Amino acid sequence: EKNDAGAMVECLEPDAQKTMKGLVPVMDEKQTAAKDAAAAVEKKTGKDEAAPLRSMSGSGAQSPLKAAVKDGKVDWSKVKITETGDKATFEVDGKKSDVDMKKVGGSWYVAVPESERISADDAKKGIEQLKKMVAGLKELTKKVNDGKVTKENWAVEFSKVKSGM
């Protein structure tokens, strides 16, 4: 399932959005490239070879409300929100979310802990690294589809992609 990178960024508190605007879309692109590579590799060489690519294709970010979603809609009876001033926490089915909220300018946003914030320089470096990963994954997919990657040379070809990361 594809993420809406713009919507994900807009959920973050405003001062954290600045560094994430360029980073999150490239993270999505990397996930798509990894999924495409995994599908091609699995088809041509097997599930075992595709496994490391599948692990790269996960977003790592799931909606904290996912457990309360049924038929595409949030069942709000399963969600408990506790507001304390300009901060809020919530539980889904009695389980506290690891995501806290913060009110800024009258609107609620996902609070980004200081320990998880990244600088503009780190975001730029991350974007560059992710773009290299995307290029490597796309090249691997092309080689697989062209028949240049086989079960026998898979490890060598995958190591080339990893070394470019």
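Going by the structure above, here's the rest.
Structural notes, computed from the coordinates. (Residues numbered from 1 in each chain as written. Predicted model: local features only at pLDDT ≥ 70, side-chain atom pairs only at ≥ 80, totals over all residues. Heavy atoms only, no water.)

1. A word on the overall build of the protein chain
- A count of helical and extended segments in the protein chain gives 5 helices and 7 strands.
- Mapped in sequence order, the helices and strands of the protein chain form the string α-α-α-β-β-β-β-β-β-β-α-α.
- Taken over C-alpha atoms, the radius of gyration comes to 19 Å for the protein chain, far larger than the 15 Å a tight globule of 165 residues would show.
- When the backbone C-alpha atoms are referred to their principal axes, the protein chain occupies close to 60 × 40 × 20 Å.
- Of the contacts formed within the protein chain by residues at least 6 apart in sequence, a portion of 54% connects residues at least 24 apart.
- As displayed, the protein chain offers around 10,500 Å² of accessible surface, 52% of which is attributable to carbon and sulfur atoms.
- Here the protein chain carries 31 positive and 28 negative side-chain charges, and the mean point of each set is 4 Å from the other. (Helix = DSSP H or I, 4+ residues; strand = E, 2+ residues; numbered from the N terminus. Rg over C-alpha atoms; globule rule 2.2 N^0.38 Å. Contact = heavy atoms within 4.5 Å. Areas by Shrake-Rupley, 256 points an atom, 1.4 Å probe, with all protein chains shown as cover. Lys, Arg positive; Asp, Glu negative; His and termini not counted. Charge placed at Lys NZ, Arg CZ, Asp CG, Glu CD.)

2. Comments concerning the pattern of salt bridges
- Per the stated rule, a full pass over the model turns up 11 salt bridges.
- As a salt-bridge pair, glutamate 29 and lysine 138 come within 3.8 Å of each other at their nearest N and O atoms. Here the residue glutamate 29 occupies a position in helix H2 (residues 14-44), and lysine 138 occupies one in helix H4 (residues 120-145), the gap between them amounting to 109 residues.
- A residue is classified by how much of its surface remains accessible, and glutamate 29, at 37% relative accessible area, is partly exposed.
- Its relative accessible area of 48% is what places lysine 138 among the partly exposed residues.
- Of the charged contacts, one joins glutamate 157 and lysine 143 as a salt bridge, the two residues approaching to 2.9 Å between their closest N and O atoms. Taken as a pair, glutamate 157 in helix H5 (residues 154-163) and lysine 143 in helix H4 lie far apart in primary sequence, 14 residues in all.
- Look at glutamate 157 and you get buried, because its relative accessible area is 10%.
- Residues joined in a network through salt bridges with shared partners are Glu13, Asp15, Lys102, Glu114 and Arg117. (Salt bridge = Lys/Arg side-chain N within 4 Å of Asp/Glu carboxyl O. Buried < 20%, exposed > 50% of the residue type's maximum accessible area, 1.4 Å probe, protein only.)

3. Let's talk about H4
- When the terminal C-alpha atoms of H4 are compared, their 37 Å separation across 26 residues agrees well with the 38 Å that a helix rising 1.5 Å per residue should span.
- Among all positions of H4, only Ala123, Ile127, Leu130, Met133, Val134, Gly136, Leu137, Leu140, Thr141 and Val144 are buried.
- For H4, the elements touching its buried residues are H2, helix H3 (47-56) and H5.
- Residue glycine 147 follows H4 closely and has a positive phi angle near 80°. (Expected span 1.5 Å × (residues − 1).)

4. Some points on the pairing of strand S3 (residues 79-84)
- As paired elements, S3 and strand S4 (residues 87-92) share 6 bridges and run antiparallel to each other. Paired with threonine 82 across the two strands is threonine 89, which belongs to S4.
- Following S3, the chain reverses through 2 residues before pairing antiparallel with S4; glycine 85 in that reversal takes a positive phi of roughly 65°. (Pairing = 2+ DSSP bridges.)

5. Quick notes on the pairing of strand S6 (residues 101-104)
- Across 2 bridges, the pairing between S4 and S6 is antiparallel. Along S6, the bridge assignment pairs alanine 88 with methionine 101.
- Taken together, S6 and the strand that follows it, strand S7 (residues 107-110), pair antiparallel across an intervening segment of 2 residues, in which glycine 105 is found at a positive phi of about 60°.

6. Things to note about unusual backbone geometry
- Of note in this structure, aspartate 93 is not a glycine but carries a positive phi near 50°.
- Position of aspartate 93 among the secondary structure elements: in the loop between S4 and strand S5 (95-96).
- Overall, the relative accessible area of 52% leaves aspartate 93 in the exposed class.

7. As for the nonpolar core
- Leu53, Met56, Leu137, Leu140 and Trp154 are the most contacted members of the largest nonpolar core, which totals 28 residues.
- Of the residues forming this core, the biggest block, 11 residues, is contributed by H2.
- Of all hydrophobic cores here, the second largest spans 5 residues; its members include Leu65, Ala68, Phe90 and Val92. (Core = buried A, V, L, I, M, F, W, Y, C linked by side-chain atoms within 4.5 Å.)

Everything listed is a geometric property; what it means functionally is a separate question.
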